[in-house]
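# Structural description and commentary
What follows is each chain in one-letter form.
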Amino acid sequence: MIRVRSYSIRQKLTSMNMLVSGAALLLACAAFAVYELTYFRTTLVQSLSIQAQIVGANSASALLFNDPDSARNTLSALKAAPNISSAGIYTPAGQPFAIYARDPDNQVSYLSIPIVSPEAWKFVGNELILVRVIEFQGKRVGIVQIHSDLSEIRAGLERYAGIVAVVLAVSLLAAFLFSSIFQKTTAQPIAQLAETARVVSREKKYSVRAPVPETRDEIGDLIEAFNEMLAQIQARDTALQTARDELELRVERRTAQVEAVNKELESFTYSVAHDLRAPLRHIQGFSDALIEECARQLDETAKGYLNRIVDSTRRMDQLISDLLGLAHVGRQELHLQPVSLHRLARDVIRDMEHEIQGRNIEWRIGDLPVLDCDPGLMKQVLYNLLSNAVKYTRPRDPAVVEVGQTATEGHRVIFVRDNGVGFNMKYVHKLFGVFERLHRREDFEGTGVGLATVQRIIHKHGGRIWAEAEVDRGATFYFTLGSHENS
Amino acid sequence: MSSNQTEILLVEDDPQDVELTLRVLRTENIKVAIQVARDGEEALDYLFRRGDYSNRAPNHQPSLILLDLKLPKVNGLQVIEQIKASDETRTIPVVVLTSSGEQKDIVESYRLGANSYVQKPVGSIEFRQAIKTLAFYWTAVNQVPVLQIKDPVITR
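Residues and elements named next belong to chain A. It is the contact of helix α9 (residues 341-351) with helix α10 (residues 375-392), at a shortest axis distance of 9 Å, that shows an interaxial angle of 55 degrees. Regarding the angle of α9 to α10, the classification is oblique. Where α9 crosses over α10, the two elements pack in a sense that is right-handed. Residue-level inspection shows L344, A345, D347, V348 and I349 of α9 in contact with α10, the latter providing M378, K379, L382, Y383 and L386.

This is the structure in structure tokens:
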């Protein structure tokens, strides 16, 4: 059965046809054979019985008058029946009275089967033996026994079996031929459908179609439905491809636009860096020349104005530098690596040596983590935050600047806290805006770009920055580094 | 100009910058000859004795080239490339002196063989200091191989 399961539909259909027709034929033949055999036997027994009665009737007087010759004569008439091999008449006691044998060597001189009145028969080996009681006026006078040879019947039966075999073979052949013809309309379309399905799934080729058979049956419907399905898949595939191509084209176009804008921005910052600085340098240079070379022609007011011009150009230069820095942060790619914030904070404080000269500052550097971030940009963050802290604690003695870490909502938060002049939380929304300042310039210098730069760097890292403060009670800046954070 | 006098080639298109630079050298009493080229092409003509400079004295090249990057005609980077490509001029120190502090410019200048890169300070004090230091270091402290020309220079 397991082997049958793996047969193709063609093989299954053929086997089914052959098995069904073969079984029907075999059953029919078997039924006929049984019927024939029974019929043969019955007629054989009947004819033998008749012959035994005739022999018995004709030999009754011979038995009564003890005339074996007459009985032998009667028996010899059996020569006419070619199937009778031997026969005998016996006395009621079972003694042979007269014996006939077609072949004298094959003479039977005894009763082969027990006697049952009036007759008994039995198939023994290759022959049928029949015994019959001979009666005369109700009295048993003797017994007749006839042996009939069955070899002819057997030969007949064998011929019959031969014919059955031939008929069976011819029928099976015919069944095979018919099933082959019918396969063209059933198995073949299914096989082609299966092959098409294989091609589709293997090569992802949705343009192929299964050949539709001419017959209008379930198989035809199935194949048409399959082809329809393929057509739908193909249409969807094409639509998908088109959409993807369009999307790609759009992305390409957009990328090109972004690149063009970036290039423009870059050349803009380049001109800012290069061209805007030159006039500043000239103003400074020539103001300097004026002070040095024409000092005698200038009074104090003129010199004061000149100094203001020089101060303004310095400030302009600082603004340009800060703006360039901010633009640079925007364009720069992040190079993430594990950075020890503790070491970075120490480095920054060391670099600020010049700024903190003459100040009494108490540094409190807490236990700072190692974070995955861009070391250069993170240094700028710490520098801007710490120099802000130093700047706004100028009126304090001692100034206290604390750098540490805390946690909110499961996120690591780094903070920079000072005991400086703080600010009014009313203006906190302006804190990180470019050029926004919360203090007067004569109190605290600055361009208003530092915190904007810090915010841009933190955002670039996927983090968040915020601040808390109170006027005259210091400020605290908090930041996280979002998804780039290292544990 | 005597052939043994120390000379600086100043390649600068901005006349204000030229004047400010010359003023620093004058007021700081730095005794060098200054040759000014107003664009990259003029600088190359001067160095390779072409065009207006085809009759320039042979066997003499500036001890230092102060080179701006943003120049008309041939830009500063191209000038560095050509100076460093020729055996005759390769050993002349080239100091880029420009307003740009862009990493791109710094990296590219050094890649092409610039010997130094200085961003022009805006502050006049810092500017003076920078010019003074550069002139002193590259003409008085720094040593270059003595120029030896095996073949006569072919002039066109």
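The subject of this paragraph is the pairing of strand β2 (residues 33-37) of chain B. Residues and elements named next belong to chain B. When strand β1 (residues 7-11) meets β2, the two strands line up parallel, connected through five bridges. The residue of β2 that forms the bridge with L10 is V36. Taken together, β1, helix α1 (residues 15-27) and β2 constitute a β-α-β crossover, and its handedness is right-handed.

Turning next to helix α4 (residues 151-183) of chain A. The end-to-end C-alpha separation of α4(A) is 47 Å, in line with the 48 Å expected for 33 residues at 1.5 Å each. For α4(A), a buried count of zero out of 33 residues is recorded, marking the element as mostly open to its surroundings.

By a frequent convention, interface size equals the accessible area lost on bringing the separate parts together. Opposite the 15 residues of chain B that make contact, chain A presents 15 residues. Looking at the side of chain B that touches chain A, the elements with two or more residues in it are α1 and α5 (124-141) of chain B. Here the side of chain B that touches chain A takes four residues from α1(B), the largest share from any one element.

Our focus in this paragraph is the confidence of the model for chain B. Residue and element names in this part refer to chain B. Averaged over every residue, the pLDDT of chain B is 86; residues scoring 70 or more account for 90%. Within the model, the stretch residues 152-156 combines pLDDT values under 50 with four contacts to residues more than four positions away or in other chains. This prediction of the complex comes with two scores: 0.51 for pTM and 0.77 for ipTM.

What follows deals with the sheet that holds strand β4 (residues 94-98) of chain B. All names here are of chain B. Strand order in the open sheet made by the five strands is β2-β1-β3-β4-β5, with parallel pairing throughout. Only two strands of the sheet have a single partner each, and these edge strands are β2 and β5 (116-119). In this sheet, neighbouring strand axes are inclined to one another by 20 degrees on average, regardless of whether the strands run parallel or antiparallel. Where β4 lies against β5, four bridges are found, and the strand directions are parallel. Paired with T98 across the bridge in β5 is Q119.

With that settled, the discussion passes to the sheet that holds strand β9 (residues 399-408) of chain A. All names here are of chain A. Pairing is mixed across the open sheet formed by five strands, whose spatial order is β7-β9-β10-β12-β11. Two strands close off the open sheet at either side, each with one partner strand: β7 (361-365) and β11 (464-469). In this sheet, adjacent strand axes meet at a mean angle of 20 degrees when their direction is disregarded. Where strand β10 (residues 411-418) and strand β12 (residues 475-480) come together, four bridges link them in antiparallel fashion. By the bridge assignment, F415 is partnered in β12 with Y478.

Next up on the list: the nonpolar core. All names here are of chain A. Membership of the largest hydrophobic core comes to 42 residues, with the highest contact counts inside it found for V381, L382, L385 and L386. The biggest single contributor to this core is α10, with ten residues. Both domains that meet at this core, namely domain 2 (278-329) and domain 3 (334-484), each give it at least three residues. If we skip the residues at most four places from it in the chain, V381 touches V454, I457 and I458.

Analysis parameters
Residues numbered from 1 in each chain as written. Chains lettered and ligands numbered in written order. Predicted model: local features only at pLDDT ≥ 70, side-chain atom pairs only at ≥ 80, totals over all residues. Axes fitted to C-alpha atoms, helices over the stretch in contact; angles between N-to-C directions. Helix = DSSP H or I, 4+ residues; strand = E, 2+ residues; numbered from the N terminus. Parallel < 35°, antiparallel > 145°, perpendicular 65-115°, else oblique. Left-handed = near helix turned anticlockwise from the far one by under 90°. Contact = placed C-beta atoms within 7 Å. Pairing = 2+ DSSP bridges. Right-handed = clockwise from strand over helix to strand, strands pointing away. Expected span 1.5 Å × (residues − 1). Buried ≥ 20, exposed ≤ 12 C-beta atoms within 10 Å, placed from the backbone. pLDDT = per-residue confidence, 0-100. Core = buried A, V, L, I, M, F, W, Y, C linked by C-beta atoms within 7 Å. Domains from an automatic or database assignment.

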